[in-house]
Amino acid sequence: MSASTLKVEKKEMLRRIRRNRSPKKIIRTSLHYLFLTVVTAIFFAPIAYMLIGSFKPTAEVLDGINGFALKNLSFNNYLQVFATFSDESMGFLWRFYANSILVSFVIVFGGLIVNSMIAYALARLRWKGRDAVQVLVILLVILPFEAIAIPLFFLLRDFRNTYFVQFLPFIASAFSIYLFYTFFIGLPLEIQESARLDGAGPWRVFRAIIIPMSKPVFASVTILSFLGAWSSFLFPLMMVDNPLYVPLPLEIQVFFTQPPTDWGPIFAFGVILVLPVLAVFLLFQRWFIQSVAASAIKG
Amino acid sequence: MTKVAKSKFGQDNLAGLLMSLPGLILLTLFVVIPFFTAIYLSFFNVDFNMVQGPQFWGFEQYRRILVDPVTSPIFYKALMNNMTFALIVVPAQTGLAVLLAVMLNAKLRGIAFFRTFFFMPVVFPMSLVAIIWALMFSRDSLGMLNGLLNLFSFGYIQPIDWLGDPNIALLSVALLSIWAGVGFQMVIVLAGLQEIPVELYEAASLDRANRWQRFWNVTIPGLRNTLIFVTIITTIFSLRLFDQVFILTKGGPIDATQTVMYQAVTSAFIEGNVGRASAITVIFVLIIIAITVVQRLVLRQNREVK
């Protein structure tokens, strides 16, 4: 018997194992779905609670499990959010949106360029000082932002309430460099080398060969740095209080600190805050999930 | 033919440097210099509210944080809280992530639909997650969680003061952190699962290993590196705990949810004491480095044993 017939037989046997439609198997599959459904319900409950609550009067939001009841729904909470942010002193909702989008955009795109370039130089070029820079980047990967938040505030306190203080410190990221680096190291060398033999310089190789081959890692870094930038809280909390420059997430405090807490508008604001990210996530979820998985391949 | 020689064996000194320069400058300005500033400031008495300039204090800030019988207990309390938080979150979140990933790794119709929901909380900003849960955690019988407990226990379980009871508050913060973070871990574990060669499972099936045996003898060993990675990440995440505490409890009740980062931030912004905040920052980094080094060493040892 040849190896291939053996293989076919093995496949057939495995197919029978998989295709087994005994009652036991059916019960097991049903339990599997039941478990997944219950867990999904638990996971989705807080989100559903926020969604439903955002359309309900505050008194009916905080009412035990009746918080899930679909009655007395209206857009009043949303109207109240728009009304709250409609003058110079409180700021404007569209402006917070614009601030968050602008800051996130610069962090993401600036970061793609800056971090991919240095990662390519570290992964594929030979130059004086490369080893030292490599060690520096590896050391910085484990340094969380929280570790430098306070001195950064101390150094930049004269530049509070500006845009550039919100994005400049976050463009270069050791973690993004590391993601690019591990991806570039894994790319096949042959094409790069033959291009160099044909006289292409490092810039040309990077632009014409590396970047087109590296779409997955560019997507990963885009998503991960966007999620971080869009939800950043600690640093804007320290650096920005002028409504002209405040990013969206910070403003949720406006509703949260005025007692008695007005839950309806808080939830409406929450939906406004998360909706764009959620929409992008649902559209590109395959990429989101792949990029998170890719972030772990290091280690 | 100098070009060939240059590209193959020569150096790219200029291009390498130019390509690295933007990143290098930004990292130096906004990460390296601030970090050294923290070390420097930690040896001074710097106060935003003080009229006079910084005074050199030597190790006084560290003495007050770590040794002084009056001012050190609060720091140790915060550190203990971080450790307790890690001891709850790391095993619970990792265990749950593995369970969910294994359930999602099955070849069943519509599995991607469930995956979407488990991952969804990851895209929520932590500030928003904390606020949704603040409402879930309302202490009286009108709170969502208390309402659910009451429903499922047929009225046996009395309303719990989730965030106001010092014995429970940290656990509540852990609960919402797990909800927010487990999807991220699950996806990483799922990727790890898909790296395990199918042949191993097939061989085990042909050897009549049952599900449980396959899980312990194929899945868990196959996930070893993934699990170590996930543990390191979650441990460090536990030490960084700030947003949730800032929004939900402000470190209370009676310091039950004080954390190292919360101490650092309040020292700087409520007391104006930048020296103390910087010293806490330096200690925080030393702890993170220590944890990373220990975990790397354990990893290496395991490899050698193998």
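Residues numbered from 1 in each chain as written. Chains lettered and ligands numbered in written order. Predicted model: local features only at pLDDT ≥ 70, side-chain atom pairs only at ≥ 80, totals over all residues.

## Digging into the overall build of chain A
- Secondary structure assignment for chain A yields 16 helices and two strands.
- A globule of 299 residues ought to have a C-alpha radius of gyration of about 19 Å, yet chain A, at 26 Å, is considerably larger.
- Judged by the C-alpha coordinates and their principal axes, chain A covers about 75 × 70 × 30 Å.
- A total of 299 residues make up chain A; the buried ones form 39% of that total.
- In chain A, once contacts between residues fewer than 6 apart in sequence are set aside, the share between residues at least 24 apart is 73%. (Helix = DSSP H or I, 4+ residues; strand = E, 2+ residues; numbered from the N terminus. Rg over C-alpha atoms; globule rule 2.2 N^0.38 Å. Buried ≥ 20, exposed ≤ 12 C-beta atoms within 10 Å, placed from the backbone. Contact = placed C-beta atoms within 7 Å.)

## So, the overall build of chain B
- Helix and strand counts for chain B stand at 14 helices and two strands.
- Here the C-alpha atoms of chain B give a radius of gyration of 25 Å, more than 25% beyond the 19 Å that 2.2 N^0.38 yields for 306 residues.

## A short note on the interface of chain B and chain A
- Contacts between the two partners involve 79 residues from chain B and, on the opposite side, 78 residues from chain A.
- The biggest single contributor to the side of chain B that touches chain A is helix H2 (residues 13–41) of chain B, with 18 residues.
- Considering only residue class, the side of chain B that touches chain A consists of 55 nonpolar, 19 polar and five charged. (Nonpolar A, V, L, I, M, F, W, Y, C, P; charged D, E, K, R; others polar.)

## A word on the domain arrangement of chain A
- Split into domains, chain A comes out as domain 1 (20–84) and domain 2 (89–257).
- Centre-to-centre separation of domain 1 of chain A and domain 2 of chain A, based on C-alpha positions: 36 Å. (Domains from an automatic or database assignment.)

## Some remarks on the environment of Leu-189 of chain A
- Positionally, Leu-189 of chain A belongs in helix H10 (residues 189–197).
- Remark: the alpha-carbon pair of Leu-189 of chain A and Arg-124 of chain A, spanning 65 residues in sequence, is separated by 9.2 Å.

## With respect to helix H6 (residues 126–136) of chain B
- Here H6 of chain B lies mainly inside the structure; eleven of its eleven residues are buried.
- Within H6 of chain B, burial applies to Met-126, Ser-127, Leu-128, Val-129, Ala-130, Ile-131, Ile-132, Trp-133, Ala-134, Leu-135 and Met-136 of chain B.
- Taken together, the buried residues of H6 of chain B touch helix H2 (23–53), helix H14 (252–256) and helix H15 (263–283) of chain A together with helix H7 (144–152), helix H8 (169–195) and helix H12 (243–248) of chain B.

## As for the packing of helix H6 (residues 130–141) of chain A against helix H9 (residues 174–186) of chain A
Residues and elements named next belong to chain A.
- Contact geometry for H6 and H9: axes closest at 8 Å, N-to-C directions at 120°. In terms of orientation, H6 and H9 fall into the oblique class. Judged by the twist between their axes, the crossing of H6 over H9 is left-handed. Along its contact with H6, which presents Val-137, Leu-140 and Val-141, the element H9 presents Ala-174, Phe-175, Ile-177 and Tyr-178.
- Here the residues of the contact of H6 with H9 are counted per class, giving seven nonpolar, no polar and no charged. (Axes fitted to C-alpha atoms, helices over the stretch in contact; angles between N-to-C directions. Parallel < 35°, antiparallel > 145°, perpendicular 65-115°, else oblique. Left-handed = near helix turned anticlockwise from the far one by under 90°.)

## Observations regarding the environment of Trp-216 of chain B
Residue and element names in this part refer to chain B.
- Along the chain, Trp-216 falls in helix H10 (residues 211–222).
- The exposure class assigned to Trp-216 is exposed, which follows from the 11 C-beta atoms found within 10 Å.
- For the pair Trp-216 and Met-19, spaced 197 residues apart in the sequence, the C-alpha separation amounts to 48 Å.

## Focus on helix H5 (residues 111–119) of chain B
- Within H5 of chain B the residues assigned to the buried category are Phe-114, Arg-115, Phe-118 and Phe-119 of chain B. Burial along H5 of chain B is one-sided: seen end-on, the buried residues are contained in an arc of 130°. (Arc of directions from axis to C-beta.)

## Quick word on unusual backbone geometry
- If you check the backbone angles, Arg-208 of chain B has positive phi at about 60° while not being a glycine.
- One can find Arg-208 of chain B in the loop between helix H9 (198–206) and H10.

## Let's talk about the confidence of the model for chain B
Residues and elements named next belong to chain B.
- Across chain B, the average pLDDT comes to 82, with 92% of residues at or above 70.
- The least confident element of chain B, judged by mean pLDDT, is helix H1 (residues 2–9) at 41; the most confident is H2 at 91.
- On the interface metric, ipTM, the complex scores 0.82, and its pTM is 0.82. (pLDDT = per-residue confidence, 0-100.)

## Remarks on the packing of helix H4 (residues 72–104) of chain B against helix H13 (residues 260–269) of chain B
All names here are of chain B.
- Two elements in contact, H4 and H13, have axes whose closest approach is 8 Å; the angle formed by their N-to-C orientations is 140°. Of the possible angle classes, the one that applies to H4 and H13 is oblique. The segment H4 lies against H13, with Phe-75, Ala-78, Leu-79 and Asn-82 engaging Val-260, Tyr-262 and Gln-263.
- Split into classes, the residues belonging to the contact of H4 with H13 amount to five nonpolar, two polar and no charged.

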